[in-house]
Amino acid sequence: MLIKKPVDIRYSEVTPKALYFNRRKFFAGIPAAFLGARELLSPSARARAGTKLLALAKSPLSTPEKENTYNDVTHYNNYYEFGTSKDEPAEYAKNFKTSPWTVSVEGEVAKPRKYSIDDLMHVAPLEERIYRHRCVEGWSIVVPWAGYSLSALLKQVEPTAKAKFVAFQTYYDLGQMPRAKYAGIELPYVEGLRIDEAMHPLTMLTLGMYGETLPPQDGAPVRLTVPWKYGFKSAKSLVKIRLVDKQPPSTWNITNAHEYGFYSNVNPAVDHPRWSQATERRLGELRRRPTLPFNGYADQVANLYTGMDLKKFY
Ligand SMILES: Nc1nc2c(c(=O)[nH]1)N[C@H]1C(S)=C(S)[C@@H](COP(=O)(O)O)O[C@H]1N2
Ligand SMILES: [Mo]
């Protein structure tokens, strides 16, 4: 018998959710002693939309802080294409069709390439990374993401010497996103990073969370996660990654440059013009916590900004 190494297992072979539901019915008459841990979970813990990801390596980049619940992370979202209130993306993204999907990686690179999600699943071993996430609005969550450093993908396409920034573009289709008409922001959603920020190991190409593929409201099938920056930098449902020589436009900066800068590093010392950024509310907690410089990742990333006035480059 041929035993496959985890990396040889294709994404399409991973047990689809539908199968779990069938398995539930099937297992109904089997004594608990014969069932695996998965089957022993409560029905609510199993009632998820994702596909299980196998062989996730633990990451040393994870925070030891307590994770938020799956329910919190999937029912309190910002995804304006699917509605502007926190509970709307869970409802209006439910039927978002994310297959087939391609992400074009292009621009100042020697080897531009279009990736399917299956291709992206195999660029580097998937890791589980538990990151803090701080929204510019003052709430925060802790999420076990699944993915790998964006640098692995960027290295594959071989950036040229002219690649100084990376521009991200996300999916946009009014047919699938009718509520985007009321988003009040220019779409498609675009974001950008400086090349050294994009190549930093913490910057993650994210394909899953809680051990499964991403649910639509959290940016299926692939999103960016940049944990030391305000949440809006972490663009969801990516379709294009373009390496460029000049600082690219970013949606919230286009919308209101006075309130949202290009850098948007989490910074308790620089207030938003309409509210303080000194504290935050972790979902599930009552008392506010202090917000940390670079969202607690200062040791890893502060050196990217030596000599820069972070009040000016907010
Ligand atoms: N395409 C797209 N990406 C997006 C947004 C959006 O509205 N559209 N909202 C951003 C904001 S403001 C935040 S805080 C995070 C929220 O991610 P989460 O819902 O998975 O917690 O997604 C970011 N990515
Ligand atoms: Mo946000």
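Residues numbered from 1 in each chain as written. Chains lettered and ligands numbered in written order. Predicted model: local features only at pLDDT ≥ 70, side-chain atom pairs only at ≥ 80, totals over all residues. Heavy atoms only, no water.

### Digging into the site of ligand 1
Around ligand 1 there are 17 residues in total, and Asn77, Tyr80, Asp218, Arg223 and Lys236 lie nearest to it. Tyrosine 80 has a polar backbone atom sitting 2.8 Å from an oxygen atom of ligand 1. One nitrogen or oxygen atom from the side chain of glutamate 81 is found 2.8 Å from a nitrogen atom belonging to ligand 1. Within the complex, 98% of the 540 Å² of free accessible area of ligand 1 lies under protein. Each residue belonging to the shell around ligand 1 can be placed in one class, and the counts come to seven nonpolar, six polar and four charged. (Near = heavy atom within 4 Å. Polar contact = N/O pair within 3.5 Å; in protein donor to acceptor, adjacent residues only side chain to side chain. Areas by Shrake-Rupley, 256 points an atom, 1.4 Å probe, with all protein chains shown as cover. Nonpolar A, V, L, I, M, F, W, Y, C, P; charged D, E, K, R; others polar.)

### A look at the pairing of strand S8 (residues 204-209)
Look at any regular strand and the pattern is simple: side chains alternate between the two faces of the sheet. With respect to burial, S8 is a largely interior element, six of its six residues being buried. As judged from the three bridges shared by S8 and strand S10 (residues 223-225), these two strands associate in the antiparallel manner. Within S10, the residue paired with methionine 204 across the bridge is threonine 225. Here S8 runs beside strand S9 (residues 212-213); their pairing, made up of two bridges, is antiparallel. Across the sheet, residue methionine 209 finds its bridge partner in S9, namely glutamate 212. Where S8 folds back on S9, the antiparallel hairpin that results is connected by two residues, among which tyrosine 210 adopts a positive phi of roughly 50 degrees. (Buried < 20%, exposed > 50% of the residue type's maximum accessible area, 1.4 Å probe, protein only. Helix = DSSP H or I, 4+ residues; strand = E, 2+ residues; numbered from the N terminus. Pairing = 2+ DSSP bridges.)

### Details of the nonpolar core
Of all hydrophobic cores here, the largest spans 76 residues; its most connected members are Leu120, Leu150, Leu153, Leu205, Val222, Trp228 and Ile241. Of all elements in the fold, only helix H4 (70-75), strand S2 (102-107), helix H6 (117-120), strand S5 (139-149), helix H7 (150-157), strand S6 (165-170), S8 and strand S11 (238-244) reach the threshold of two or more residues within this core. The biggest single contributor to this core is S5, with six residues. Not counting the four nearest positions on each side in its chain, leucine 153 is found in contact with Val105, Tyr115, Leu120, Val123, Leu205 and Ile241. (Core = buried A, V, L, I, M, F, W, Y, C linked by side-chain atoms within 4.5 Å. Contact = heavy atoms within 4.5 Å.)

### Considering the pattern of salt bridges
Proximity of charged atoms lets side chains of opposite charge pair with each other. According to the stated counting rule, one finds 19 salt bridges in the structure shown. A salt bridge links lysine 246 to aspartate 245; its shortest N-O distance comes to 3.8 Å. For lysine 246, a relative accessible area of 58% corresponds to the exposed category. If you follow the salt bridges from partner to partner, you end up with Glu65, Arg132, Arg134, Glu280, Arg282, Glu285 and Arg289 in one network. (Salt bridge = Lys/Arg side-chain N within 4 Å of Asp/Glu carboxyl O.)

Note that every value here comes from positions in space, so none of it alone points to a role or purpose.
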